[in-house]
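Letter by letter, the chains look like this.
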Amino acid sequence: MWKVCLSTAANLRRTRRFSAFAAFPGPSIVRKRGSEILQDPWFNKDTAFPLTERDRLGLRGLLPPSIVSFEQQYDRFMESYRSLEKNTEGQSEGSIALAKWRILNRLHDRNETLYYRVLIDNIKDFAPIIYTPTVGLVCQNYSGLFRRPRGMYFSAKDKGEMMSMIYNWPSQRVDMIVVTDGSRILGLGDLGVQGIGIAIGKLDVYVAAAGMNPQRVLPIMLDVGTNNQELVEDPLYLGLRQPRLDGEEYLAILDEFMEAIHTRWPKAVVQFEDFQMKWAFETLQRYRTKVCMFNDDIQGTAGVALAGLLGAVRAQGRPLTDFVKQKIVVAGAGSAGLGVLNMAVQEVSRIAGAHGVTPKHQFYLIDKDGLITKERKNLDPAAAPFAKYPGETEGLREGSNLVEVVRKVKPDVLLGLSGVGGIFNEEVLKAMRESDSPKPSIFAMSNPTLNAECTPADAFKHVGENIMYASGSPFENVDLGNGKVGHVNQANNMYLFPGIGLGALLSGARIITDEMLQAAAECLASYITDEEIRRGVLYPSIRSIREITAEVGNAVLRQAVAEDLAEGHGEMGPKELRSMSKEASLEYVKRRMWFPVYSPLVLER
Ligand SMILES: NC(=O)c1ccc[n+]([C@@H]2O[C@H](COP(=O)([O-])OP(=O)(O)OC[C@H]3O[C@@H](n4cnc5c(N)ncnc54)[C@H](O)[C@@H]3O)[C@@H](O)[C@H]2O)c1
Ligand SMILES: O=C(O)C[C@H](O)C(=O)O
Ligand SMILES: [Mg+2]
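Quick caveat, the model's predicted, so the values are computed rather than measured.

**Student:** I tried to follow the side chain of Gln299 on my own but got confused; where do I start?
**Tutor:** When you line up the elements, Gln299 lands in helix H16 (residues 296-315). Not counting residues up to four positions away in its chain, the partners in contact with Gln299 are Leu284, Arg288, Phe294, Asp514 and Leu517.

In structure tokens:
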């Protein structure tokens, strides 16, 4: 039916692209009738309710008589989106982006099936709106933009109540939770309760990329106060107006919350997002051996960066084992930068182990106070493994600045996770011209756009055309003249977190191990062909995120099975999972991915 109704070539392409994932829609059980259904975005079909359903569900007379098809609704939405693009021409980028977010958000609030379908089909255009970078702007303005709640809010005032509060969530089943305490939203700092936007955006990506069922995802804000004085003084601010809890008080809230969600949904996968570094590592260590959870900023980012770094080795025409020889300068010693270095060191050990040599790396770590050495006062224990000994610094000293380090080290890769826009300035980029690499790489991974350490245009201009470039937020490719294009990669954890969550869920993994994350990163790295590498491509197009996520999910699932951590999911037991070939488990993953189509609604009284 869907196929014969399609009118445009674009529609045809859409259907083909996802035909492998589309399943015949089974019925959805609904426990409400009439106008209550129209108010519920999970079930609402607007004017597309067929007559039989209008009769069955008490909708007759509540809708205009004409029945509009899903495809017509889809086209009408896209038309209004395009006309908004025209009508906002000439306005500031920020207000255009917010207008686009509003129109998508209104659809999200009204009709989830249509919302997720347009999101999946147009992920390249819409990801920058519902996710990085616009989601940053949305979080900054969340209190003013607020119209209706989404997800759950647990605050410091709810201490002792969380175990009962958790049952206020209407869905019996939750598969995926993204939780933030709002303390470090992208590179925008402490945004308090307004950080809920980031959890919502990540879960939208889960639905679009991993096919998580939107009825079973839950964004959560843990409001433990904010140290952002501007917010506290903002009359519109919707969060607690108190300093952030710290120390044992903070951990007591976290523990109570984790116990509550684990009690109600013991099989749910939990993603920690945008926690400040101080708590990011500590909470990861505290819960990762007890529940199925991971920290996206530490672990998801690390996997994506590692995949890109392995691509950078290939781009130099070197074998992957040469990763151990790479000189990598990392600017930013926070949760993301340290996560990347930890995983890179594990990779070095693995390669060295396989070749019977002593693992040794050439990684340099810089924070806001410059090069980190063993002489650093109050050296952070998490950064200590990467701090240089005096003899190893090639004339550099404690606190040497970025340009000094780049000049001296002549790194193969310069990678930024500092949260500070523009620190890869002209001087630093020009110093990269002296890189020892035949193809230097610049990863400006901080988000959102203005926080990128450098723009791609500046990187190609100042380092030269012969580079690999990646940024955390999306940028257009760079026109290098004479028909040449400087390819811009998006090194964003969105390539991995959906697959990590999906693989963990579908295997029923008890916990998420380093090896499962490694499998995810390797899977992503192997996605790119030599020909693509030659064109400067390190990551596949966001357009194929659903296919990539299925593969990554399968890699994670298979690793969970290999480590005997898979307890199974639904009717798929651990024994069945163990007996599956790689192809069979990939098929299982794909079949389990939710795809938005209107399913028949069946009333259960
Ligand atoms: N692309 C991605 O997928 C991705 C993933 C995670 C985080 N990020 C981005 O990375 C950034 C950092 O995140 P985080 O969680 O590590 O933050 P963080 O606050 O934990 O760490 C920031 C680090 O940068 C250092 N820094 C500050 N100014 C600097 C300077 N001038 N030079 C060098 N270092 C400097 C700080 O000292 C600190 O070590 C954010 O902008 C975030 O959006 C991107
Ligand atoms: O949210 C993103 O776009 C990536 C990452 O998780 C970040 O914190 O910047
Ligand atoms: Mg993040």
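Don't stop here, the text continues.
**Student:** Got a minute to help me understand the pairing of strand S13 (residues 478-481) in this structure?
**Tutor:** Side-chain direction in a regular strand flips from residue to residue, so the side chains alternate between the two faces of the sheet. The pairing of S13 with strand S14 (residues 484-486) spans three bridges and is classified as antiparallel. Note that in S14 the partner of Val478 across the bridge is Gly486.

**Student:** Is there a simple way to explain the site of ligand 2 in this structure?
**Tutor:** Around ligand 2, the structure places Tyr131, Thr132, Arg184, Leu186, Lys202, Glu273, Asp274, Asp296, Asp297, Asn447, Asn492 and Asn493. Contact distances for ligand 2 include 3.0 Å between an oxygen atom and a side-chain N or O atom of Asp274. Within the side chain of Asn492, one N or O atom sits 3.0 Å away from an oxygen atom of ligand 2. Burial of ligand 2 by the protein chains amounts to 93% of its free accessible area of 260 Å². Broken down by class, the residue content of the shell around ligand 2 amounts to two nonpolar, four polar and six charged.

**Student:** Got a minute to help me understand the packing of aromatic side chains in this structure?
**Tutor:** Where two aromatic rings form a pair, the distance of their centres and the angle of their planes describe that pair. Taken as a whole and judged by the stated rule, the model has 15 aromatic pairs. Judged by centre distance (5.8 Å) and plane angle (70°), the rings of Tyr142 and Phe146 are edge-to-face. Taken together, the ring pairs in this structure connect Phe77, Tyr81 and Phe126 into an aromatic cluster. The lysine or arginine in question, Lys374, covers the ring of Tyr389, its NZ or CZ lying 4.8 Å from the ring centre.

**Student:** Would you mind showing me how to read the environment of Ile298 here?
**Tutor:** Residue position: Ile298 is located in helix H16. For Ile298 and Gly339, which are 41 residues apart along the polypeptide, the C-alpha to C-alpha distance reads 4.5 Å. In contact with Ile298, other than residues within four places in its own chain, are Ala280, Phe281, Leu284, Ser335 and Gly339.

**Student:** Looking at this structure, I do not really get helix H22 (residues 514-525). What am I missing?
**Tutor:** For the α-helix, the turn length of 3.6 residues means that residues three or four positions removed from each other point alike. For H22, with twelve residues, the first-to-last C-alpha span of 16 Å sits near the 16 Å given by 1.5 Å per residue. Among the twelve residues of H22, nine are classified as buried, and the element is accordingly described as predominantly covered. Within H22, the full set of buried residues consists of Met516, Leu517, Gln518, Ala519, Ala520, Ala521, Cys523, Leu524 and Ala525. On the buried face of H22, the contacting elements are H16, helix H17 (335-355), helix H21 (497-507) and helix H24 (545-562).

**Student:** Can you help me understand helix H12 (residues 196-210) in this one?
**Tutor:** Helix length check: H12 (15 residues) gives 20 Å between terminal C-alpha atoms against 21 Å at 1.5 Å per residue, within 8%. For H12, the buried fraction is high: 15 of the 15 residues fall into the buried class. Of the residues one or two after H12, Gly211 is the one with positive phi, at around 65°.

**Student:** Explain the site of ligand 1 here, please?
**Tutor:** The immediate surroundings of ligand 1 are formed by 26 residues, with Arg184, Ala333, Ser335, Ala491 and Asn493 found nearest. Between Ala333 and ligand 1, the recorded distance is 2.9 Å, taken from a backbone N or O atom to an oxygen atom. The separation between an oxygen atom of ligand 1 and a polar main-chain atom of Gly334 is 3.3 Å. Mapped onto the shell around ligand 1, the elements with two or more residues apiece are H16, H17 and strand S8 (362-367). Of the residues belonging to the shell around ligand 1, the class tally is ten nonpolar, twelve polar and four charged. When residues of the shell around ligand 1 are assigned to domains, at least three map to each of domain 3 (147-291) and domain 4 (299-491).

**Student:** Just to check I follow, could you spell out the nonpolar core for this structure?
**Tutor:** The nonpolar side chains of soluble globular proteins are, as a tendency, buried together. Counting 160 residues, the largest nonpolar core has Ile177, Phe323, Leu415, Phe443 and Tyr539 as the members making the most contacts within it. The greatest single-element share of this core, amounting to ten residues, is contributed by H16.

**Student:** Honestly, empty space enclosed by the protein in this entry has me stumped. Any pointers?
**Tutor:** Any empty space left between the atoms is revealed when a probe the size of a water molecule rolls over them. If you walk through the whole model with that rule in mind, you get three cavities of 30 Å³ or more. The space that makes up the largest cavity amounts to roughly 270 Å³. Elements with a contribution of two residues or more to the lining of the largest cavity: helix H6 (93-110), helix H9 (134-140), helix H10 (142-145) and H12. Residue contributions to the lining of the largest cavity peak at five residues, all from H6. Taken together, the residues of the lining of the largest cavity break down into twelve nonpolar, four polar and five charged. When residues of the lining of the largest cavity are sorted by domain, at least three fall in each of domain 2 (45-140) and domain 3 (147-291).

**Student:** How do you make sense of the coordination of the magnesium ion (ligand 3) when you look at a structure like this?
**Tutor:** Tetrahedral coordination by four donors places them ideally at 109.5 degrees to one another around the metal; octahedral coordination by six donors ideally gives 90 or 180 degrees. The protein atoms that coordinate the magnesium ion (ligand 3) are Glu273 (OE), Asp274 (OD) and Asp297 (OD), at distances of 2.0 to 2.1 Å. Sequence spacing among the residues donating to the magnesium ion (ligand 3) works out to E-D-x22-D. Across the pair, Asp274 and Glu273 agree in class, each one buried.

**Student:** Would you explain the state of the cysteines in this entry?
**Tutor:** Two cysteines whose sulfur atoms are joined by a covalent bond form what is called a disulfide. Enumeration according to the criterion identifies zero disulfides in this entry. Cysteine Cys523 shares no disulfide, and the gap to the nearest cysteine sulfur, in Cys292, comes to 18 Å. On the basis of relative accessible area, Cys523 is assigned to the buried category, the value being 13%.

**Student:** Hey, could you run me through the packing of helix H5 (residues 70-87) against helix H7 (residues 112-121) in this one?
**Tutor:** Any two packed helices are characterised by how steeply their axes cross, that is the angle between the axes, and by the distance between the axes. Here H5 crosses H7 at 65°, and the two axes come no closer than 10 Å. Note that H5 runs across H7; the crossing there is right-handed. For the pair H5 and H7, the contacting residues are Phe70, Gln73, Tyr74, Phe77 and Met78 in the first and Thr113, Leu114, Arg117, Val118 and Asp121 in the second. Each residue belonging to the contact of H5 with H7 can be placed in one class, and the counts come to six nonpolar, two polar and two charged.

**Student:** Just checking my understanding: could you explain the pairing of strand S11 (residues 441-444) for this structure?
**Tutor:** Taking every second residue as pointing to the same face, both faces of S11 are buried, with Ser441 and Phe443 on one and Ile442 and Ala444 on the other. Note that strand S10 (residues 413-416) and S11 share four bridges and pair parallel. Looking across to S11, one finds that Val413 is bridged to Ser441. On the question of chirality, the crossover connecting S10 to the parallel S11 by way of helix H19 (residues 426-431) is right-handed. Both S11 and strand S12 (residues 468-471) contribute to a ladder of four bridges, which runs parallel. Directly across from Ala444, in S12, lies its bridge partner Ser471. For the crossover that starts at S11, traverses helix H20 (residues 456-462) and ends in the parallel S12, the hand is right-handed.

Quick notes on the rules
- Residues numbered from 1 in each chain as written.
- Chains lettered and ligands numbered in written order.
- Predicted model: local features only at pLDDT ≥ 70, side-chain atom pairs only at ≥ 80, totals over all residues.
- Heavy atoms only, no water.
- Helix = DSSP H or I, 4+ residues; strand = E, 2+ residues; numbered from the N terminus.
- Contact = heavy atoms within 4.5 Å.
- Pairing = 2+ DSSP bridges.
- Near = heavy atom within 4 Å.
- Polar contact = N/O pair within 3.5 Å; in protein donor to acceptor, adjacent residues only side chain to side chain.
- Areas by Shrake-Rupley, 256 points an atom, 1.4 Å probe, with all protein chains shown as cover.
- Nonpolar A, V, L, I, M, F, W, Y, C, P; charged D, E, K, R; others polar.
- Phe/Tyr/Trp six-rings, centres within 6.5 Å; stacked < 30°, edge-to-face > 60°.
- Lys NZ or Arg CZ within 6 Å of the ring centre and 35° of its normal.
- Expected span 1.5 Å × (residues − 1).
- Buried < 20%, exposed > 50% of the residue type's maximum accessible area, 1.4 Å probe, protein only.
- Domains from an automatic or database assignment.
- Core = buried A, V, L, I, M, F, W, Y, C linked by side-chain atoms within 4.5 Å.
- 1 Å grid on protein atoms, 1.4 Å probe; cavity = no way out; pocket = protein on both sides within 12 Å on 5 of 7 lines; lining within 4 Å.
- Points joined across faces, edges and corners; volume = space filled by probe spheres on them.
- Donors = N, O, S within 2.8 Å, 3.2 Å for Na, K, Ca; no water.
- Disulfide = S-S within 2.5 Å.
- Axes fitted to C-alpha atoms, helices over the stretch in contact; angles between N-to-C directions.
- Left-handed = near helix turned anticlockwise from the far one by under 90°.
- Right-handed = clockwise from strand over helix to strand, strands pointing away.

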